[in-house]
Amino acid sequence: MQLTSFLKIDEDSDFSIYNLPFGIFSGPKITPRPGIAIGNNIVHLAALAKAGLLHDAGDLYMEELQSPVLNPLISLGPDVWKKMRTRVQNLFLDKNRKMWGAVRPDSVLVSMNDCRMHLPMAIGDYTDFYSSENHAANVGAMFRDPQNPLLPNWKHIPVGYHGRSSSIVVSGTNFPRPKGQIKPPTAEIPSFGASRQMDMELETGFIISEKTNLGSSIDVKDAEDYIFGMVLFNDWSARDIQSWEYVPLGPFLGKNFCSSMSPWIVTMDALKPFRVPMPKDQEPAILPYLQQKKRWTYDIQLEAEMVLHDGQRKVITRTNQKHLYWSMNQQLAHHTVNGCPMKVGDLLASGTISGPTPDSLGCLLEITKRGQNPIEFENGVTRTFMEDGDSMILRGYCEKEGMRVGFGEVKGTVLPAV
Ligand code: MN
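Our next topic: the coordination of the manganese ion. Each protein donor to the manganese ion is listed here as Asp-128 (OD), Glu-201 (OE), Glu-203 (OE) and Asp-235 (OD); together their distances run 2.1 Å. All donor residues of the manganese ion come from one chain, and their arrangement in sequence is D-x72-E-x1-E-x31-D. Remark: Asp-235 occurs in the loop between β14 (227–234) and β15 (237–238) and Glu-203 occurs in strand β13 (residues 202–208); sequence separation between them is 32 residues. Note on Asp-235: relative accessible area 0%, which makes it buried.

Shown next as structure tokens:
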């Protein structure tokens, strides 16, 4: 269905009338609070409620609409935030100008240029999966055994690890290069120093919308009812620290120095038109608690652009959410099958998303084959991993039949070690 807004929204805007993602913004004389992105503007939800235009959705929830994190709003439940988003969509449709009465639409809009975006929620816990078969196989071949790149459990379990929510930052936050123990394959013993293999990981993440109790599990068929929406996620990784420390308990200090997320949470309602089926049968057969009658994912086009400290820039990979082997439902069902409780605002990330082709790999480790094939820029400049002052920008969007639903971007710059 074609929707037209009376607002001027660029055709290639990520934040079309179909999208309307939630985020936390602050602006001129506005403390951090929830907003909805539309074109180059942010709908100031508390102002909209004050103007009496959120009706049953907004007026009653002024406290939640002035909170510096989305958790209280999300905790009100899907009935509230779904209605709120639909209401905003209706208000900005061409045919509904009358709904505004005497209120001027620009009185509830703030230009994105005048705003700062904040981490959208208080993240209680953060988990990162490892759900791309191409990524797991490529890394397994490099770190372990090219003949048997996948470990025996990989096609039975959505493998993951627990990260640290304390080091998750919003797009635009820069961070110092991490230091740690490093042992090159040729060295006898480890040495201490700044990482020389600073990598990124192109991922998406989803945010939990409903708490579950200790001892309870989420059924695989209902799992999406527990998801508020999705973000872009860069799980920065220090490969030299990681490759020495990860045996036998998995990633630790090579990962938890910084992870970056995009500020706008795209709702599952906005993503629904871009659902695509996943292969029905997984081989070998999986256990019943992971089986879905219909498995689906989302056709989200993803890319990473590297910006060097000398200003050169290049899109170094293009991939897609649909390349993942495990669905979000399966990830969430697996995460809770043992009774692990979920909290509102928890973040679960996909793991590096690599496609099947050499131009669709989700991290520098894979793109450069652990430094063997440098990426070439102009004037003989090359990169294997990130140098100080280099930035990475991840972008993602869905597009079909004139509808565009995008995530904006997540950007971070590696600063010198301190
Ligand atoms: Mn990761």
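The next subject is the pairing of strand β6 (residues 126–129). Side chains Tyr-126 and Asp-128 of β6 all project onto a buried face; the interleaved residues Thr-127 and Phe-129 project onto the opposite face, where all are buried too. Relative to strand β22 (residues 347–349), β6 runs parallel, the two sharing three bridges. From the neighbouring strand, Thr-127 faces β22, where its bridge partner is Leu-348. For β6 and strand β7 (residues 160–162), the ladder comprises three bridges, and the chain directions are antiparallel. If you follow Asp-128 over to β7, its bridge partner there is Tyr-161.

Per the domain assignment, the segments of the protein chain are domain 1 (22–118) and domain 2 (126–415). Just the C-alpha atoms count here: the centres of domain 1 and domain 2 sit 31 Å apart. In this complex, domain 1 contributes 16 residues to the contact, which on the side of domain 2 involves 13 residues. Here domain 1 packs against domain 2, burying approximately 1,300 Å² in sum over the two surfaces, 69% of which is carbon and sulfur.

Glancing now at the sheet that holds strand β25 (residues 391–400). An order of β9-β26-β25-β20-β21 is seen for the five strands of this open sheet, with the pairing classed as mixed. The sheet is open, and its two edges are formed by β9 (175–176) and β21 (313–320), each paired on a single side.

A cis amide bond, omega 0°, links Val-247 with the succeeding residue Pro-248. Position of Pro-248 among the secondary structure elements: in the loop between α6 (239–245) and β16 (259–261). Following Glu-283, the chain continues into Pro-284 via a peptide bond in cis, with omega recorded as -5°. On the secondary structure map, Pro-284 appears in the loop between β18 (275–277) and β19 (296–298). In this structure, Leu-20 takes a positive phi of about 55° despite not being glycine. As for its position among the elements, Leu-20 is in the segment before β1 (22–27).

Quick look at the sheet that holds strand β2 (residues 30–38) now. By definition, the strands of a sheet pair up through backbone hydrogen bonds, in either a parallel or an antiparallel sense. Spatial ordering of the open sheet is given by β4-β3-β2-β1-β5, a layout of five strands whose pairing is antiparallel. Here the strands that pair on one side only, and so sit at the sheet edges, are β4 (109–111) and β5 (116–118). With strand direction ignored, the average angle separating the axes of adjacent strands in the sheet is 50°.

Ranked by internal contacts, the top residues of the largest apolar core, which has 101 residues, are Leu-45, Leu-48, Phe-92, Leu-271, Leu-332, Leu-347 and Met-392. In terms of residue count, the dominant contributor to this core is β14 (six residues). Both domain 1 (22–118) and domain 2 (126–415) contribute no fewer than three residues apiece to this core. Sequence-distant contacts of Phe-92, defined by excluding residues within four places in its chain, comprise Thr-4, Ser-5, Phe-6, Leu-7, Ile-17, Ile-38, Val-43, Trp-100, Pro-105 and Leu-109. Judged by nonpolar contacts, the second largest core, of nine residues, contains Ile-30, Ala-37, Ile-42 and Trp-264.

Further remarks concern the pattern of salt bridges. Side chains carrying opposite charge are able to pair once their charged atoms draw close together. A complete count under the given rule lists 23 salt bridges for this structure. With a closest N to O distance of 3.3 Å, Lys-82 and Asp-269 form a salt bridge. Separated by 187 residues along the polypeptide, Lys-82 in helix α4 (residues 78–91) and Asp-269 in helix α7 (residues 268–271) bring together distant segments of the chain. A salt bridge links Asp-390 to Arg-383, with the nearest nitrogen and oxygen atoms 2.6 Å apart. Arg-383 matches Asp-390 in its accessibility class, with the two residues each being buried. Where salt bridges share partners, they join Glu-303, Glu-305, Arg-313, Arg-318, Arg-395 and Glu-409 into one cluster.

Counting buried positions along helix α8 (residues 328–336) gives nine out of nine residues, so the element sits mostly inside the fold. Residues Met-328, Asn-329, Gln-330, Gln-331, Leu-332, Ala-333, His-334, His-335 and Thr-336 constitute the buried set of α8.

The next thing to look at is the environment of Asn-174. Along the polypeptide, Asn-174 turns up in the loop between β8 (168–170) and β9. At 3.1 Å, the side chain of Asn-174 forms a polar contact with the backbone nitrogen of Thr-413.

On to the environment of Asn-41. Within the secondary structure layout, Asn-41 lies in strand β3 (residues 41–44). Here Asn-41 is in contact with Ile-36, Leu-109, Val-110, Ser-111 and Met-112, once residues within four sequence places are set aside.

Procedures and definitions
Residues numbered from 1 in each chain as written. Predicted model: local features only at pLDDT ≥ 70, side-chain atom pairs only at ≥ 80, totals over all residues. Heavy atoms only, no water. Donors = N, O, S within 2.8 Å, 3.2 Å for Na, K, Ca; no water. Helix = DSSP H or I, 4+ residues; strand = E, 2+ residues; numbered from the N terminus. Buried < 20%, exposed > 50% of the residue type's maximum accessible area, 1.4 Å probe, protein only. Pairing = 2+ DSSP bridges. Domains from an automatic or database assignment. Contact = heavy atoms within 4.5 Å. Buried area = accessible area lost by both parts, 1.4 Å probe. Axes fitted to C-alpha atoms, helices over the stretch in contact; angles between N-to-C directions. Core = buried A, V, L, I, M, F, W, Y, C linked by side-chain atoms within 4.5 Å. Salt bridge = Lys/Arg side-chain N within 4 Å of Asp/Glu carboxyl O. Polar contact = N/O pair within 3.5 Å; in protein donor to acceptor, adjacent residues only side chain to side chain.

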